[in-house]
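# Examination of the molecular architecture
As a plain string of letters, each chain reads:
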Amino acid sequence: MKTILVTGGAGFIGSTLIRQLIAESDWRVVNIDKLTYAGNLESLAGLADHARHLIFCPNWAFDLHVANFMKTILKLARERGELRVAGVQIGTPTWARHPAEATALIPARREVPDLPDGLYDLAPAGEPSWHGSAEPIFLAAQRAGLLEKTPVVHRITSAGYPLPTPRPAKSRLDCSRLRRGFGLARPALRSDLNDCLANARY
Ligand SMILES: NC(=O)c1ccc[n+]([C@@H]2O[C@H](COP(=O)([O-])OP(=O)(O)OC[C@H]3O[C@@H](n4cnc5c(N)ncnc54)[C@H](O)[C@@H]3O)[C@@H](O)[C@H]2O)c1
């Protein structure tokens, strides 16, 4: 059986695509969706627990590629001695490779008969918020020789950093299903940051 990966599958186009794939093929669909304000599991009504459909929900992700919070804050840290970071979105940033690795495990694990379908949260342990994530990012960057001096970081509220679309106040995830279904331990944010930045070329 083929496995196809769909990102944003709880959105308008993604959910339409998944409906079509389930109806017209015998492929297995792995759906990675961050379930932002735009994501809606109701758009997958009847498919959320389908035997060939599995959903991974990561938290806000970081990696060396593509713009993300880790890269932005490291750039600002090099330019400024002081930063203002919002203490919002209580939750833990997720290294982008974890959803990818979990996806790669699926073909093998799906042979296990009692593996439950449906939604799997995927995020490191801890609840630091954006502001609380800054310090471990700076420590990992210093360790990798990418940052000389850690800036002073001031915690501000959402109102101090307005965005066109308000961020959710909390992004806590429950990864217990992931552990039971796939035997995957929750990743550790600090070691993920160290491993990720060890390969950085800035
Ligand atoms: N709808 C259109 O008419 C249209 C036309 C052309 C292009 N597009 C593009 O196609 C894409 C999908 O459009 P749509 O209308 O289905 O959007 P949508 O807003 O309905 O759905 C987007 C989905 O992506 C998820 N998502 C957002 N950020 C994510 C992240 N970092 N990781 C994982 N999931 C994330 C959201 O939770 C949501 O479920 C967008 O890039 C859009 O710009 C849409």
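Scope of this entry: the structure provided in the associated data block.

## Considering the sheet that holds strand 3 (residues 53–58)
- The sheet built from 4 strands is open, its strands ordered 1-2-3-7 with parallel pairing. Each having just a single partner strand, strand 1 (3–7) and strand 7 (118–122) make up the two edges of the open sheet. Taking each pair of neighbouring strands and ignoring which way they run, the sheet shows an average axis angle of 20 degrees.
- When strand 3 meets strand 7, the two strands line up parallel, connected through 5 bridges.

## Re unusual backbone geometry
- Although it is not a glycine, L35 adopts a positive phi angle of roughly 50 degrees.
- As for its placement among the helices and strands, L35 is situated in the loop between strand 2 (28–32) and strand 3.
- In the Ramachandran plot, V66 falls in the positive-phi region, its phi being about 65 degrees despite a non-glycine side chain.
- Looking at the element boundaries, V66 is found in the loop between strand 4 (61–62) and helix 2 (69–79).
- Classification of V66 as exposed rests on a count of 9 C-beta atoms within 10 Å.

## Some thoughts on the site of the ligand
- In the neighbourhood of the ligand, 14 residues make up the surrounding shell, with G8, G11, I13, A38 and G39 lying closest.
- Among the elements that make up the shell around the ligand, the one with the highest residue count is helix 1 (residues 12–24) (3 residues).
- Tallied by class, residues from the shell around the ligand come to 6 nonpolar, 6 polar and 2 charged.

## Here's the deal with the packing of helix 2 against helix 4 (residues 129–143)
- Relative to each other, helix 2 and helix 4 sit at 70 degrees, their axes nearing to 10 Å. When the axes of helix 2 and helix 4 are compared, the pair comes out roughly perpendicular. In this structure, the crossing between helix 2 and helix 4 has a hand that is right-handed. For the pair helix 2 and helix 4, the contacting residues are F69, M70, I73, L74 and A77 in the first and W130, A134, I137, F138 and A141 in the second.
- Of the residues in the contact of helix 2 with helix 4, the class split is 10 nonpolar, no polar and no charged.

## Comments concerning the environment of P93
- Its place among the elements puts P93 in the loop between strand 5 (82–86) and strand 6 (94–95).
- Beyond its immediate sequence surroundings of up to four residues, P93 is in contact with N59, W60, A61, F62, F69, M70, S133 and L189.

## Things to note about the packing of helix 4 against helix 6 (residues 189–198)
- Viewed as axis vectors pointing N to C, helix 4 and helix 6 meet at an angle of 40 degrees, and their least axial separation amounts to 9 Å. Judged by the angle between their axes, helix 4 and helix 6 are oblique. Here the hand of the crossing between helix 4 and helix 6 comes out right-handed. Contacts between helix 4 and helix 6 pair P136, I137, A140, A141 and R143 from the former with L189, R190, L193, N194 and L197 from the latter.
- For the contact of helix 4 with helix 6, a count of residues per class yields 7 nonpolar, 1 polar and 2 charged.

## Focus on the nonpolar core
- I18, F56 and L122 are the most contacted members of the largest nonpolar core, which has 20 residues in total.
- For this core, the secondary-structure elements that each account for two or more residues are helix 1, strand 2, strand 3 and strand 7.
- When residues of this core are assigned to their parent elements, the largest contribution, 4 residues, is made by strand 3.
- If near-sequence neighbours (up to four positions away) are discounted, F56 is found in contact with V30, I32, P99, A102, Y120 and L122.
- F62, V88, W130 and L197 belong to the second-largest nonpolar core, a separate cluster that totals 19 residues.

## Points about helix 6
- Along helix 6, the residues that are buried comprise L189, D192, L193 and L197. Each buried residue of helix 6 sits inside an arc of 115 degrees when the element is viewed along its axis, so together they form one side. The exposed set on the far side of helix 6, more than 90 degrees from its buried face, consists of S191 and A198.
- The secondary structure elements touched by the buried residues of helix 6 are strand 6 and helix 4.

## Overview of helix 1
- With 13 residues, helix 1 extends 19 Å from end C-alpha to end C-alpha; this agrees with the ideal 18 Å at 1.5 Å per step.
- Taken residue by residue, helix 1 has G14, S15, I18 and L21 as its buried positions. End-on view of helix 1: buried residues confined to an arc of 125 degrees, all on one side of the axis. Exposed positions of helix 1 whose direction lies more than 90 degrees from the buried face are F12, I13, T16, Q20, A23 and E24.
- Along its buried surface, helix 1 packs onto strand 1, strand 2 and strand 3.

Criteria and cut-off values
- Residues numbered from 1 in each chain as written.
- Predicted model: local features only at pLDDT ≥ 70, side-chain atom pairs only at ≥ 80, totals over all residues.
- Pairing = 2+ DSSP bridges.
- Helix = DSSP H or I, 4+ residues; strand = E, 2+ residues; numbered from the N terminus.
- Axes fitted to C-alpha atoms, helices over the stretch in contact; angles between N-to-C directions.
- Buried ≥ 20, exposed ≤ 12 C-beta atoms within 10 Å, placed from the backbone.
- Near = placed C-beta within 6 Å.
- Nonpolar A, V, L, I, M, F, W, Y, C, P; charged D, E, K, R; others polar.
- Parallel < 35°, antiparallel > 145°, perpendicular 65-115°, else oblique.
- Left-handed = near helix turned anticlockwise from the far one by under 90°.
- Contact = placed C-beta atoms within 7 Å.
- Core = buried A, V, L, I, M, F, W, Y, C linked by C-beta atoms within 7 Å.
- Arc of directions from axis to C-beta.
- Expected span 1.5 Å × (residues − 1).

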